[in-house]
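# Observations on the three-dimensional arrangement
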Amino acid sequence: MLASVTIQTGRYASSGHMTPRDVIDHLLVVEALTPYVRGESQTQPEPPAELSEAMKGKYTEWLAMAQIVRNGTVPAGLANDPALLIMLSELLFAKGDLKGLAAFVDAAPAGEASVFTATDFAARIDRHCASYLSHPAEAVLLVSLRCGPPCGDLPRL
């Protein structure tokens, strides 16, 4: 049922072509790979059991991108592919490499994917600061994320 409804998330350069199942898959993959890209785990994690079959088929590619991010050598040319732009941006953000994320997104060719990605991550980074990009009552149930790094240290996307 989660794969039968299309939603607009404002994330993943989707243009409304994502389903709740897609969002859950992205969250699960990034959560599983975060300790690996941060160097907190030395072994590549197995795919989470809860992944959809479609995402399980893409997990090898996610692992390859996680290895690139972990090594800190993300070629700017990978930003030309919207699917890789999404994967690598998510993993750079999960690693906490905000300067690398900004440089990578900046290297993406102008177009829908780069605009969605830059907007998405600008809003996420802003949530760690003063939330200037959000309406004060927009997310009443969101916990405050203003405990992150000082605003002056964040790169511009």
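Figured I'd write up the structure that's included with this text. This is a predicted model, so every value here is computed, not measured.

Definitions and cut-offs
Residues numbered from 1 in each chain as written. Predicted model: local features only at pLDDT ≥ 70, side-chain atom pairs only at ≥ 80, totals over all residues. Heavy atoms only, no water. Axes fitted to C-alpha atoms, helices over the stretch in contact; angles between N-to-C directions. Helix = DSSP H or I, 4+ residues; strand = E, 2+ residues; numbered from the N terminus. Parallel < 35°, antiparallel > 145°, perpendicular 65-115°, else oblique. Left-handed = near helix turned anticlockwise from the far one by under 90°. Contact = heavy atoms within 4.5 Å. Nonpolar A, V, L, I, M, F, W, Y, C, P; charged D, E, K, R; others polar. Phe/Tyr/Trp six-rings, centres within 6.5 Å; stacked < 30°, edge-to-face > 60°. Lys NZ or Arg CZ within 6 Å of the ring centre and 35° of its normal. Salt bridge = Lys/Arg side-chain N within 4 Å of Asp/Glu carboxyl O. Buried < 20%, exposed > 50% of the residue type's maximum accessible area, 1.4 Å probe, protein only.

Following both chains from N to C, one finds helix α3 (residues 82-95) and helix α4 (residues 98-107) inclined at 165 degrees, their axes separated by 8 Å at the closest point. Compared by their axis directions, α3 and α4 come out roughly antiparallel. Remark: the crossing between α3 and α4 carries left-handed chirality. Between α3 and α4, the residues in contact are Leu 84, Leu 85, Leu 88, Ser 89, Leu 92 and Phe 93 and Leu 98, Gly 100, Leu 101, Phe 104 and Val 105, respectively. A class-by-class count of the residues in the contact of α3 with α4 yields nine nonpolar, two polar and no charged.

Moving on, we come to the environment of Pro 75. By the secondary structure assignment, Pro 75 is in the loop between α2 (53-71) and α3. Sequence spacing of Pro 75 and Ala 107 is 32 residues, and the spatial spacing of their C-alpha atoms is 9.5 Å. Beyond its immediate sequence surroundings of up to four residues, Pro 75 is in contact with Ile 68 and Phe 104.

Attention now moves to the packing of aromatic side chains. Centre-to-centre distance and the angle between the planes together describe a pair of aromatic rings. Under the criterion given, the structure shown has one aromatic pair. Ring centres 5.4 Å apart and planes at 55 degrees place the aromatic pair Phe 93 and Phe 121 in the tilted group. Placement of Phe 93 in helix α3 and of Phe 121 in helix α5 (residues 112-127) is noted, with a sequence separation of 28 residues between them. Note that Arg 70 overlies the ring of Tyr 36, its terminal NZ or CZ placed 4.4 Å from the centroid. The aromatic ring of Phe 93 is capped on one face by Arg 124, whose charged end is 5.5 Å from the ring centroid.

A few words now on the environment of Ala 64. Tracing the chain through its elements places Ala 64 in helix α2. Expressed as a C-alpha distance, the spacing of Ala 64 and Gln 44, which sit 20 residues apart in the sequence, is 9.8 Å.

Moving on, we get to the pattern of salt bridges. Close approach of charged atoms lets side chains of opposite charge pair. Counted under the stated rule, the structure contains four salt bridges. Asp 25 is paired through a salt bridge with Arg 21; the nearest N and O atoms lie 2.8 Å apart. Taken as a pair, Asp 25 and Arg 21 lie in helix α1 (residues 20-37) at a separation of four residues, close to a single helical turn. Of the two residues, Asp 25 and Arg 21, neither departs from the other in class, the shared state being buried. Between Arg 124 and Glu 90 there is a salt bridge, and its shortest N-O distance comes to 2.6 Å. With Arg 124 in helix α5 and Glu 90 in helix α3, this residue pair connects regions lying 34 residues apart in the sequence. When its relative accessible area of 5% is taken as the criterion, Glu 90 is described as buried. Salt bridges linked by common partners bring Glu 90, Asp 120 and Arg 124 together as one network.

With that settled, consider the packing of α4 against α5. Orientation of α4 relative to α5, taken along the N-to-C sense of each, is 160 degrees, at an axis distance of 10 Å. One element, α4, and the other, α5, form an angle in the roughly antiparallel class. The crossing of α4 and α5 is left-handed. In this structure, α4 contributes Leu 98, Leu 101 and Val 105 to the contact, and α5 contributes Ser 114, Thr 117, Ala 118, Phe 121 and Ile 125. Looking at the contact of α4 with α5 residue by residue, the class counts come to six nonpolar, two polar and no charged.

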